[in-house]
Amino acid sequence: MDTRSNRPTLDALRHLPVGEVIALPAEQLALLQSDAREALDAAKRTLDWIEGAIALRYEQRAVGARAAAGKDTGIVRFEDGSVEVAVELPKRVEWDQRRLAALVEQIRAGGEDPGEYVELTFKVSERAYAAWPERIRGAFEPARTVRTGKPSYRLTILNDVALRDSPHGPGIRPAIGGPR
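These figures come from a predicted structure and were not determined experimentally.

What counts and what doesn't
- Residues numbered from 1 in each chain as written.
- Predicted model: local features only at pLDDT ≥ 70, side-chain atom pairs only at ≥ 80, totals over all residues.
- Heavy atoms only, no water.
- Pairing = 2+ DSSP bridges.
- Helix = DSSP H or I, 4+ residues; strand = E, 2+ residues; numbered from the N terminus.
- Axes fitted to C-alpha atoms, helices over the stretch in contact; angles between N-to-C directions.
- Core = buried A, V, L, I, M, F, W, Y, C linked by side-chain atoms within 4.5 Å.
- Buried < 20%, exposed > 50% of the residue type's maximum accessible area, 1.4 Å probe, protein only.
- Contact = heavy atoms within 4.5 Å.
- Salt bridge = Lys/Arg side-chain N within 4 Å of Asp/Glu carboxyl O.
- Expected span 1.5 Å × (residues − 1).
- Arc of directions from axis to C-beta.
- Polar contact = N/O pair within 3.5 Å; in protein donor to acceptor, adjacent residues only side chain to side chain.

Caption draft 1: Seen up close, the sheet that holds strand 5 (residues 152–157). The 3 strands are arranged 1-2-5 in an open sheet whose pairing can be described as antiparallel. Unpaired on one side and paired on the other, strand 1 (74–80) and strand 5 mark the two borders of the sheet. In this sheet, adjacent strand axes meet at a mean angle of 20° when their direction is disregarded. Summarising the sheet, strand 2 (residues 83–89) and strand 5 pair through 6 bridges and their orientation is antiparallel. In the strand pairing of strand 5, Glu 84 is matched with Thr 156.

Caption draft 2: Molecular detail of the environment of Glu 79. Its place among the elements puts Glu 79 in strand 1. Residues Glu 79 and Ile 157, spaced 78 residues apart in sequence, show a C-alpha to C-alpha distance of 9.6 Å.

Caption draft 3: Structural detail: the nonpolar core. Of all hydrophobic cores here, the largest spans 13 residues; its most connected members are Trp 95, Leu 100, Tyr 117, Val 124, Trp 132 and Phe 140. For this core, the elements supplying multiple residues, two or more each, are helix 4 (97–109) and helix 6 (134–140). Apart from residues no more than four positions distant in its own chain, Tyr 117 is found in contact with Ile 107, Glu 112, Val 124, Trp 132, Ile 136 and Phe 140. Of all hydrophobic cores here, the second largest spans 10 residues; its members include Ile 54, Val 76, Val 85 and Tyr 153.

Caption draft 4: Molecular detail of the pattern of salt bridges. Under the defined criterion, the tally for this structure stands at 9 salt bridges. With a closest N to O distance of 2.7 Å, Asp 35 and Arg 7 form a salt bridge. Placement of the pair is Asp 35 in helix 3 (residues 26–69) and Arg 7 in the segment before helix 1 (10–13), with a sequence separation of 28 residues. Given a relative accessible area of 22%, Asp 35 falls into the partly exposed group. The class of Arg 7 is buried, set by a relative accessible area of 15%. We note a salt bridge from Asp 80 to Arg 57, for which the minimum N-O separation is 2.8 Å. Of the two residues, Asp 80 sits in strand 1 while Arg 57 sits in helix 3, which places them 23 residues apart along the sequence. Salt bridges linked by common partners bring Lys 91, Glu 126 and Arg 144 together as one network.

Caption draft 5: Representation of helix 4. For helix 4, built from 13 residues, the straight-helix expectation of 18 Å at 1.5 Å per residue is met to within 8% by its first-to-last C-alpha distance of 18 Å. Listed as buried for helix 4 are Leu 100, Leu 103, Val 104 and Ile 107. In a view along the axis of helix 4, the buried residues occupy a sector of 105°, so they form one face of it. Along helix 4, exposed side chains directed more than 90 degrees from the buried face belong to Arg 98, Gln 106 and Ala 109. Against the buried residues of helix 4 lie strand 3 (91–95) and helix 6. A side-chain oxygen of the first residue of helix 4 lies 3.0 Å from the backbone nitrogen of Arg 98; this N-cap is Asp 96. Positioned one or two residues after helix 4, Gly 111 has a phi angle of 90°, which is positive.

In structure tokens:
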């Protein structure tokens, strides 16, 4: 018996009670699972394509907004018509383990507890690093590398009230990215 001819489609499957889905022959469940995975893969490829186009469209405006805000990483927002674009560029900090080990020994030799500055895995909290005295930060600086992650773009369609109340609303246009 051809299990493909009488099996429900993925769209029909969404409307079936779970009891009916459970009762389907194992071959049909396997084929439906395969179909769902293929649909998911296709949707992910489509999403990657759309997000790539969005990144190309807004990359330069995001760079300008980030520069205007004096930020290397984090979230910047700007509007394109009635759409708010929020662009997040995550910060990824890496620490040179060999240099951190040497610094731990220097701190210990100086009579201080290295546990107050570093975690036992030789990771350094960015929040703690930013709060350290300059002499300590300066010593650790050569062991620190800052990289950025992949930027993410979130577009939100603004309703009329949100657009009116926005700092970039109809009466005010941001200088970043040129005229809209």
